[in-house]
Amino acid sequence: MPIYLKNVSIGEQRGVNVLVRDGVVAAIGTAADPRGAQVVDCAGALLLPSFVDAHVHLDKTRIGGPRLHHAVTATVAERAANERLLRTQLKHDPFVFGSNLVRELSVMGTTHIRSHIDVDSDVKLRHVEAILKVREKYRGLMDIELVAFPQSGIIKSPGVAELMGEALRMGVDIVGGLDPEVFDNDRAGQLDRIFALASKSGAPIDIHLHEPGEVGLATIQAIVERVKAQGMQGRVTISHAYALGQISREQLAAILPQLAQQRIAILTSAPGAVNFPPVDALLDAGVLYAGVSDNIQDMWSPWGTGDQLERAMLLAYRNNFRADAPLQRCFTMVTENPAKLLKLAGHSLASIKVGMQANLTAVPAGDLETAILQRPARLFTMKAGRFTARNGKSLLPA
Ligand SMILES: [Zn+2]
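Residues numbered from 1 in each chain as written. Predicted model: local features only at pLDDT ≥ 70, side-chain atom pairs only at ≥ 80, totals over all residues.

Focus: the sheet that holds strand 6 (residues 110-118)
Within a sheet, each strand pairs with its neighbour through backbone hydrogen bonds, oriented either parallel or antiparallel. Put simply, the rule reads: One requirement defines pairing of two strands: DSSP has to find at least two bridges between them. Only DSSP runs of H or I reaching four residues or more are called helices, and only runs of E reaching two or more are called strands; each is numbered from the N terminus. Axes here mean lines fitted to C-alpha atoms, for a helix over just the part in contact, with angles spanning 0 to 180 degrees between N-to-C directions.
Taken in spatial order, the eight strands of this open sheet run 5-6-7-8-9-10-11-12, and their pairing is parallel. Edge positions in the sheet fall to strand 5 (51-56) and strand 12 (289-291), since each has one partner strand and no second. Adjacent strand axes in the sheet meet at a mean angle of 20 degrees, parallel and antiparallel pairs treated alike. Of the strand pairs in this sheet, strand 10 (residues 236-240) and strand 11 (residues 264-268) are connected by four bridges, and their pairing is parallel. Looking at the pairing, S239 lines up with L267 of strand 11.

The following block contains the structure:
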């Protein structure tokens, strides 16, 4: 059934009606015809493109269950060990909790995600099997790209590279990685294995890189060299890349054009405790840079709500942005920038016009900046012309 969104704002245009039919925006204007359509009064809410969250962990979350009491941990290795312990103690079921998270993300206005899935010597491919089922369950309602993620290392965990290869054959889309130098103590060794997996399968790469300062920069440079050598321009993502926020201005000015040229994307959760890649410097250099949730109430971290408006706020807050233009820039980092990474056509405010695939959300806010600053609850989420959530309730199957 067609849907008639009555009385929305699109940018500066107020009191607009939008007719959605056959998955696309079919008409916009005061004269759009509601006959035969489900009429939804939006009371002047601001219409936005839906959110794209290019880095979550569906298999780690405990959302919908009792809050976990986290241990005090200092390093990535300690957290990984703690998580493996929790996973066993809780007899964690990634299918149940992964489904919970997909539903929650729909409530937050998100329609497209990329999720990492742990592959290690304990769980082997069990999380992969579970999350592939989650993807099937929500096909058409939430688009899900999957990454085989070696949370406990590759060099330190013999057999994991082979399991990752098997995960790709099972339908996982992307090769993951983790701190080759700091976690695996073998920068070249881990990168060689990841790039070999990518070469053999044709899959892109998305590597977690928490390595600090000069160490991290050396790893980023090693990644750039491999992208060049293997012709993988536009197919490699570095998640976190903290080093880019921790090196000198001169070092940053030297590496950013290389990232732009090799079309290596950078993702950040705008973390609170460490410096991370600065928004203006990366975007000015033409680097594809997006904001992501990463962990959401899971065995790695108790933080996270999956709200991408909140992510835009955190990006703005941590960069000390106050003016409208930089706030708007943060919005592109949770919509059109990650959409480019996930190869989605136009997913910006400007792309809300007739013919656009109807991936939309709406918030009761006078303008975009207010939406970021106040983060009101979403009125609805629409994926390809179908409501996937309304008024704080997911319409996806439990
Ligand atoms: Zn992550």
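What about the domain arrangement of the protein?
Test applied: The split of the chain into domains comes from an automatic or database domain assignment. For every residue pair, C-beta atoms are placed from the backbone, and the pair is scored as a contact if these atoms sit within 7 Å. Gly is put with the polar residues, along with every residue not named as nonpolar or charged; the nonpolar set is Ala, Val, Leu, Ile, Met, Phe, Trp, Tyr, Cys and Pro, and the charged set is Asp, Glu, Lys and Arg.
Domain annotation of the protein identifies domain 1 (3-50 + 347-391) and domain 2 (51-341). Just the C-alpha atoms count here: the centres of domain 1 and domain 2 sit 30 Å apart. Listed by partner, the interface residues are 17 residues for domain 1 and 25 residues for domain 2. Looking at the side of domain 1 that touches domain 2, the elements with two or more residues in it are helix 12 (368-374), strand 14 (380-383) and strand 15 (386-390). Residue contributions to the side of domain 1 that touches domain 2 peak at five residues, all from helix 12. Here the residues of the side of domain 1 that touches domain 2 sort into six nonpolar, seven polar and four charged.

Regarding the sheet that holds strand 16 (residues 393-394)
With mixed pairing, eight strands are arranged side by side in an open sheet as 3-2-1-4-13-14-15-16. At either end of the open sheet lies a strand with only one pairing partner, and these are strand 3 (24-29) and strand 16. Note that strand 15 and strand 16 share two bridges and pair antiparallel. The residue of strand 16 that forms the bridge with R390 is K393.

Points about the packing of helix 5 (residues 187-201) against helix 6 (residues 213-230)
Test applied: For a crossing to be left-handed, the near helix must be turned anticlockwise from the far one by less than a right angle; the clockwise case is right-handed.
Following both chains from N to C, one finds helix 5 and helix 6 inclined at 30 degrees, their axes separated by 11 Å at the closest point. The crossing of helix 5 and helix 6 is right-handed. Across the interface between the two elements, R187, L191, F195 and S199 from helix 5 touch T219, A222, I223, R226 and Q230 from helix 6. Of the residues belonging to the contact of helix 5 with helix 6, the class tally is four nonpolar, three polar and two charged.

Observations concerning the pairing of strand 15
By the bridge criterion, four bridges tie strand 14 to strand 15 in an arrangement that is antiparallel. The residue of strand 15 that forms the bridge with K383 is R386. The turn joining strand 14 and strand 15, which pair antiparallel and follow one another in sequence, is formed by two residues; a positive phi near 45 degrees is taken by A384. Counted along the chain from strand 15 to the antiparallel partner strand 16, the turn is two residues long, and its residue N391 has a positive phi close to 50 degrees.

Focus on the nonpolar core
Worth spelling out the cut-off: In this usage, the nonpolar core is the set of buried Ala, Val, Leu, Ile, Met, Phe, Trp, Tyr and Cys residues whose C-beta atoms join them within 7 Å. Around each residue's C-beta, the other C-beta atoms within 10 Å are counted; 20 or more make the residue buried, 12 or fewer make it exposed, and counts in between make it partly exposed. All C-beta atoms are placed from the backbone.
By size, the foremost hydrophobic cluster in this structure holds 118 residues, and its most contacted members are A148, M164, I266, A312, C330, A362 and I372. Among the domains, domain 1 (3-50 + 347-391) and domain 2 (51-341) are the pair contributing at least three residues each to this core. Dropping the residues within four chain positions of it, I372 is found in contact with L309, A312, M313, A316, L327, C330 and F331.

Comments concerning the environment of A273
Summarising the element assignment, A273 is placed in the loop between strand 11 and helix 8 (279-284). Note: C-alpha distance between A273 and L368 (95 residues apart in sequence) is 27 Å.

Details of the environment of A260
Note that A260 resides in helix 7 (residues 249-261). The sequence separation of A260 and A54 amounts to 206 residues, and the corresponding C-alpha distance is 19 Å.

Digging into helix 10 (residues 324-332)
Turning to helix 10, its buried residues are L327, R329, C330, F331 and T332. Buried residues in helix 10 make contact with helix 8, strand 12, helix 9 (308-318), helix 11 (336-341) and helix 12.

A short note on helix 3 (residues 126-137)
Using the following cut-off: Take the number of residues in a helix, subtract one, and multiply by 1.5 Å to get its expected span. Picture the helix axis, draw a direction to every C-beta atom, and the arc is the one those directions span.
Between its terminal C-alpha atoms helix 3 stretches 17 Å, which fits the 16 Å expected from twelve residues at 1.5 Å a residue. Three or more residues of helix 3 are buried, namely H127, V128, A130, I131, V134 and R135. All buried residues of helix 3 project into a common sector of 165 degrees when viewed along the axis, lining one side. Lining the buried residues of helix 3 we find helix 2 (94-107), strand 6, strand 7 (143-149) and helix 4 (160-170).

Points about unusual backbone geometry
Even without being glycine, H240 reaches a positive phi, approximately 85 degrees. With respect to the helices, strands and loops of the structure, H240 is situated in strand 10. Even without glycine at this site, R375 takes up a positive phi of about 50 degrees. Of note, R375 is situated in the loop between helix 12 and strand 14.

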